[in-house]
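Residue strings, one per chain:
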Amino acid sequence: IYINVGSENGLRVGYRFGIHPGIKREDGASGLIGILEVKEVIGARLSSVRVLEGAELIQAGDRLKSLEQETESP
């Protein structure tokens, strides 16, 4: 899967996004429907991601929302 977010937005490998239904969904899906993780930042506005959860629910036009990144304790 490719997303239109990239280096221009400070994106890095390992960053995670929650997927929420787009406004044109007709199936009534709501709330968090999946989780994606960035596997490669390709360009200023392009990255490839892998689906961690919800592959069967994600559709074109769904919306990304960044998930808080866990920070490692020293």
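It should be emphasised that the depicted structure is a prediction, and the values quoted were computed from it without experimental measurement. (Residues numbered from 1 in each chain as written. Predicted model: local features only at pLDDT ≥ 70, side-chain atom pairs only at ≥ 80, totals over all residues. Heavy atoms only, no water.)

A. View of the nonpolar core. Judged by nonpolar contacts, Ile 3, Val 5, Leu 11, Phe 17, Ile 19, Ile 33, Leu 36, Val 38 and Val 49 together constitute the single largest core of nine residues. Among the secondary structure elements, those contributing two or more residues to this core are strand E2 (16-20) and strand E3 (34-43). Setting aside its immediate chain neighbours within four residues, Leu 11 contacts Ile 3, Val 5, Gly 6, Phe 17, Val 38, Val 41 and Ser 47. (Core = buried A, V, L, I, M, F, W, Y, C linked by side-chain atoms within 4.5 Å. Buried < 20%, exposed > 50% of the residue type's maximum accessible area, 1.4 Å probe, protein only. Helix = DSSP H or I, 4+ residues; strand = E, 2+ residues; numbered from the N terminus. Contact = heavy atoms within 4.5 Å.)

B. The arrangement of a nonpolar patch on the surface in detail. Taken together, Tyr 2, Ile 42 and Leu 46 make up a surface patch of nonpolar side chains, about 310 Å² in accessible area. By the secondary structure assignment, Leu 46 is in strand E4 (residues 46-53). On the basis of relative accessible area, Leu 46 is assigned to the partly exposed category, the value being 33%. (Patch = residues over 30% accessible without salt bridge, like charges linked within 9 Å, V, L, I, M, F, W, Y side chains within 5 Å. Areas by Shrake-Rupley, 256 points an atom, 1.4 Å probe, with all protein chains shown as cover. Salt bridge = Lys/Arg side-chain N within 4 Å of Asp/Glu carboxyl O.)

C. Spatial organisation of the pattern of salt bridges. The final tally for this structure, using the stated rule, is five salt bridges. Its salt-bridge partner being Arg 25, residue Asp 27 comes within 2.8 Å of it at the nearest N-O pair. The class for Arg 25 is buried, based on a relative accessible area of 14%. Residue Glu 37 is joined to Arg 50 by a salt bridge in which the shortest nitrogen-to-oxygen separation is 2.4 Å. Here Glu 37 is found in strand E3, whereas its partner Arg 50 is found in strand E4, with 13 residues between them in sequence. The partly exposed category is assigned to Arg 50, whose relative accessible area is 43%. The network of salt bridges with shared partners includes Arg 16, Glu 37 and Arg 50.

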